[in-house]
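# Overview (structure and organization)
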Amino acid sequence: MDTISETESFNHNFDSSKLESAKQWLRTRPKSFYAVILALAAVILCVSCVFVLFMIIFVVVRAAARPDDPRKPVGPKNEDFYFSSLKAITSGPGTFAEAYWDPTGEYLVGQAQLTREDKCDEIYTIKRDGSELTHIDNYDGITTCAYFVPSNPNYVLYSSTLDKYGKGCPPKPDRALGYIWPLYNQEIYVVDRHTREIVHTITKDQEERCKDVNAPNCYDAEATISKDGETMIFTSSRSGDLELYSMNISSRAADGQAKRLTYSPGYDGGAFFSNSGKQIVWRANRPKTTDELLRYKAMLDFGAIEGINHMEIYVMNADGSGQRPLTKLGASSFAPNWLPDDSGIIFSSNFENPSEFHLYTIDLNGENLRRVTEKGGFNGFPMFSPDGASLAFSSNRDAEMPYDMHLYIAEWSGFSYLNTKNEEL
């Protein structure tokens, strides 16, 4: 029998009528078929677009709200979470600022202009209940940056021009130059707060050279002292730049020698030792461009610095090692001080609103930024009492005029919130 080829076998088994039927259906199928196909494709495309858009929004919102975003405060933004009570202990016109506790927690010392007509800052002590407001400096010049001597609370240190500029206040800078901070010829002194007499000049190494009011680089100010009373840290222009220095001031080992701690160009100031004395926190401005650096140096030669709109908070070890920025907020962050257990820093910043300064806390690893205050256009210069139970700070929240400033004491209840993990809030 003859063998059938594969082609012949295919033709033999294939029903040609079925092929003709399929062709006929393709020629005559209704137009609605195409419409259905197009509609299905459109639906699938729309669903895909909506899904993609939803995922983009989800990712953006999630990224913006991440707890580890250094510019996004976490936790409650409500003073009631942090303050169990709040009381103004000064009132009326004028300012009372940069007030710091004595070792007993009963008194504070700060600089004030008690009327709007006052042109010079003067130093006052005040009891924590608002009584016993006492003027303790005794000179015509400007006097700032007061701090109790821990080893003897009858003594206060401050920085003053004394009478170097003659009677009255030193000349004010020309406001045509903008908002600038004058760097007056100031030295650091210790005064008996009861007799108002100077008992010691701390910056003796500068005293002779800076007798001439026109001598350059004679700004010594912004001094604070370690809790044990052994070491002072302060800002000085003696190197030609505004740097931080430490000095042993104990009666047992005072050598009058200042040790320079910072070396980067730019302003370094407002430093405080931690409660343990092992670390230092301060505020700093670092010019970022050549033009910024040249302008900063030109202003130093003029005897002033411009109102710094960009300051960050820095920390370092007490010997000057391990310097690092703690904040990267790109705003004016200043007035840092330590939490009672040294676990973090409380400071003032305007990074959320350039026209408002509020208090914030932040951990030493730069995380868990939390906003503390919500009222007023200015809240600054915070310091916890020695027992950690009270927080003193200055604010204009109840002031009659925007530039008036009062001293407040809050009973602090915020520790449970500072210790709460972000995901639990």
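For clarity, every value in this text was computed on a predicted model and none was experimentally measured.

The rules behind each value
Here the residue numbering is sequential within each chain, running from 1 through the sequence in written order. Restriction of local features to residues with pLDDT of at least 70 applies here, the model being predicted, together with a cutoff of 80 or more for giving and counting side-chain atom pairs; totals for whole chains, interfaces and linings are based on all residues. Only hydrogens and water are removed before side-chain values are computed, so all heavy atoms of the structure are retained for them. One requirement defines pairing of two strands: DSSP has to find at least two bridges between them. Strands are runs of DSSP state E lasting at least 2 residues, helices are runs of H or I lasting at least 4, and numbering of each runs from the N terminus. Geometry is summarised by axes, namely lines fitted to C-alpha atoms with helices restricted to the contacting stretch, and by angles between N-to-C directions that run from 0 to 180 degrees. The quantity known as pLDDT measures the predictor's confidence residue by residue, on a range of 0 to 100. Every residue pair with non-hydrogen atoms within 4.5 Å of one another is taken to be in contact. Here, a salt bridge means any side-chain nitrogen of Lys or Arg that lies within 4 Å of a carboxyl oxygen of Asp or Glu. Remark: exposure states derive from per-residue accessible area (1.4 Å probe, protein chains only) relative to the maximum for the residue type, with buried under 20%, exposed over 50%, and partly exposed in between. The definition used for a disulfide is geometric: two cysteine sulfur atoms within 2.5 Å.

## A closer look at the sheet that holds strand S25 (residues 390–395)
- Taken in spatial order, the four strands of this open sheet run S1-S26-S25-S24, and their pairing is antiparallel. In the strand order of this sheet, the two ends are held by strand S1 (83–88) and strand S24 (379–384), each with one partner. Going across the sheet, the axis of each strand differs from the next one's by a mean of 25°, ignoring polarity.

## Some remarks on the sheet that holds strand S21 (residues 344–349)
- Taking strand neighbours across the sheet as the criterion, the four strands line up as S20-S21-S22-S23 in an open arrangement whose pairing is antiparallel. Strands at the two margins of the open sheet, each flanked by one partner only, are strand S20 (333–338) and strand S23 (370–371).
- Sheet topology places S21 next to strand S22 (residues 358–363); six bridges connect them, and they run antiparallel. Bridge assignment links Ser 349 to a residue of S22, and that residue is His 358.

## Some details on the confidence of the model for the chain
- With 80% of its residues at a pLDDT of 70 or more, the chain has an overall mean of 85.
- Within the model, the stretch residues 421–425 combines pLDDT values under 50 with eight contacts to residues more than four positions away or in other chains.

## Quick notes on the pattern of salt bridges
- Under the defined criterion, the tally for this structure stands at 12 salt bridges.
- Its salt-bridge partner being Glu 411, residue Arg 128 comes within 3.4 Å of it at the nearest N-O pair. With Arg 128 in the loop between strand S4 (122–127) and strand S5 (134–135) and Glu 411 in strand S26 (residues 406–412), this residue pair connects regions lying 283 residues apart in the sequence.
- Glu 411 sits in the partly exposed class, given a relative accessible area of 26%.
- A salt bridge links Arg 260 to Glu 243, with the shortest nitrogen-to-oxygen separation between them at 3.2 Å. Of this pair, Arg 260 sits in strand S14 (residues 258–260) while Glu 243 sits in strand S13 (residues 243–248), and the two are 17 residues apart along the sequence.
- Residue classification places Arg 260 among the partly exposed residues on the basis of a relative accessible area of 25%.

## With respect to unusual backbone geometry
- Positive phi is not limited to glycine here, since Glu 222 has a value of about 60°.
- Relative to the helices and strands, Glu 222 resides in strand S11 (residues 220–225).
- The backbone phi angle of Asp 342 is positive, close to 65°, even though this residue is not glycine.
- Along the chain, the position of Asp 342 falls in the loop between S20 and S21.
- Assessed through its relative accessible area of 15%, Asp 342 is described here as buried.

## So, the state of the cysteines
- Per the stated rule, a full pass over the model turns up two disulfides.
- Bridging Cys 120 to Cys 169, the disulfide has an S-S length of 2.0 Å. Placement of Cys 120 in the loop between strand S3 (107–113) and S4 and of Cys 169 in the loop between strand S7 (155–160) and strand S8 (180–182) is noted, with a sequence separation of 49 residues between them.
- One disulfide in the model links Cys 210 with Cys 218; its S-S distance is 2.0 Å. On the sign convention where negative is left-handed, the bridge of Cys 210 and Cys 218, at about -85° about the S-S bond, is left-handed. Summarising the burial analysis for this pair, Cys 210 and Cys 218 share the class buried.
- Shown here for the chain is a disulfide pattern of 1-2, 3-4, where each number marks a bonded cysteine counted in sequence order.

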